[in-house]
Amino acid sequence: MRGIKIIFWTLWRIWFYILMTIPILIMFPFLVLSILTESGYPYFFKMARIWAKFILFGMGFRYTIDKEQDMEYLKSYMIVANHTSMADIMLMLAVTRNPFVFVGKKELSKIPLFGFFYKRTCILVDRSSSKSRMQVFERAQKRINQGFSICIFPEGGVPDDESILLDTFKDGAFRLAVEHKIPIAPITFGDNKKRFSYTFLSGSPGLMRVKMHKHIETAGFVADRKIIREEVREVIYKQLLQFESVKNDN
């Protein structure tokens, strides 16, 4: 039985990368045209959402969304969520209509084909370089000024320890939100680690639960931004505990 599972997981992981590639090849000319100018980004974002939904459907993932508050279309937000899976990228695109720009690790730019568009449309960060982190703020500020939202996974990566439910949050997302007076939109992904973690021999098709929380306003916020950082983390952490308490056998 273990041998059958290993074969399934191996083929399933390969299938994931095939699914990543197919829509990019089909839409390639339109994707290239959309990244030639910054004004084309909203069109790129629409195609990215098609790409994401194609992958989720093809992998056998289905998702449910529980919204406490809708985002106003074309309003800028700082979107933050817990991070446990590469599927977080696809699910975030699938559930969010507002055009946003990812802040993500530069290592993903090495993925063939996907990386070509990733490094031209996302804000890449080398977390070991203070210069790179400062450039992230400059690029993010520019995108916010253009009316886009920013999406950051504030844990700064996937926790190395599998037992960690939610790692500590870095300051960057909250500093940007406070400085630009844009609302923070916390989102909790309940099942992505179970469905498609970074552990190769793991995962399965099934349900992905999403909780889109009430927004946290930053306009007029004068206290230490660490307070708002911990407030957002507590919102996501409590929801993760709630998800954990409801057994999900789907």
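What counts, and where the lines are drawn
- Residues numbered from 1 in each chain as written.
- Predicted model: local features only at pLDDT ≥ 70, side-chain atom pairs only at ≥ 80, totals over all residues.
- Heavy atoms only, no water.
- Helix = DSSP H or I, 4+ residues; strand = E, 2+ residues; numbered from the N terminus.
- Buried < 20%, exposed > 50% of the residue type's maximum accessible area, 1.4 Å probe, protein only.
- Contact = heavy atoms within 4.5 Å.
- Lys, Arg positive; Asp, Glu negative; His and termini not counted.
- Charge placed at Lys NZ, Arg CZ, Asp CG, Glu CD.
- Expected span 1.5 Å × (residues − 1).
- 1 Å grid on protein atoms, 1.4 Å probe; cavity = no way out; pocket = protein on both sides within 12 Å on 5 of 7 lines; lining within 4 Å.
- Points joined across faces, edges and corners; volume = space filled by probe spheres on them.
- Nonpolar A, V, L, I, M, F, W, Y, C, P; charged D, E, K, R; others polar.
- Patch = residues over 30% accessible without salt bridge, like charges linked within 9 Å, V, L, I, M, F, W, Y side chains within 5 Å.
- Areas by Shrake-Rupley, 256 points an atom, 1.4 Å probe, with all protein chains shown as cover.
- Salt bridge = Lys/Arg side-chain N within 4 Å of Asp/Glu carboxyl O.

### Brief notes about the overall build of the protein
Thought 1: Along the protein, the regular secondary structure elements total eight helices and seven strands.
Thought 2: Once the C-alpha set of the protein is aligned to its principal axes, its extents read approximately 60 × 45 × 35 Å.
Thought 3: Across the 250 residues that make up the protein, the buried fraction comes to 49%.
Thought 4: Of the contacts formed within the protein by residues at least 6 apart in sequence, a portion of 75% connects residues at least 24 apart.
Thought 5: When the 36 basic and 24 acidic side-chain charges of the protein are each reduced to a single mean position, those positions are 6 Å apart.

### Some remarks on helix α8 (residues 225-245)
Thought 1: Between its terminal C-alpha atoms α8 stretches 31 Å, which fits the 30 Å expected from 21 residues at 1.5 Å a residue.
Thought 2: Residues of α8 that are buried sit in contact with β2 (78-81), α6 (172-180), β6 (184-189) and β7 (206-212).

### Section: empty space enclosed by the protein
If a probe as big as a water molecule is rolled over the atoms, it shows which places are left empty.
Thought 1: Enumeration according to the criterion identifies three cavities of 30 Å³ or more in this entry.
Thought 2: Quantified by volume, the largest cavity comes out at close to 250 Å³.
Thought 3: If you trace the largest cavity, you find 18 residues lining it, with Phe-44, Ala-48, Trp-51, Phe-114 and Thr-121 closest to the centre.
Thought 4: Secondary-structure elements contributing two or more residues to the lining of the largest cavity are α1 (2-34), α2 (41-58), α3 (87-95), β3 (100-105) and α4 (114-121).
Thought 5: Its residues assigned to classes, the lining of the largest cavity comprises 17 nonpolar, one polar and no charged.
Thought 6: By volume, the second largest cavity is sized at about 150 Å³.
Thought 7: Along the wall of the second largest cavity there are 13 residues; nearest its centre are His-83, Val-103, Gly-104, Lys-105 and Phe-153.
Thought 8: The leading source of residues in the lining of the second largest cavity is β3, at four residues.

### Some details on a nonpolar patch on the surface
Thought 1: On the surface, a nonpolar cluster with roughly 740 Å² of combined accessible area is contributed by Ile-7, Leu-11, Ile-14, Trp-15, Ile-18, Ile-22, Ile-26 and Phe-54.
Thought 2: Looking at which element gives the most residues to the nonpolar patch, the answer is α1, with seven residues.
Thought 3: Within the element layout of this structure, Trp-15 appears in helix α1.
Thought 4: The class for Trp-15 is partly exposed, based on a relative accessible area of 36%.

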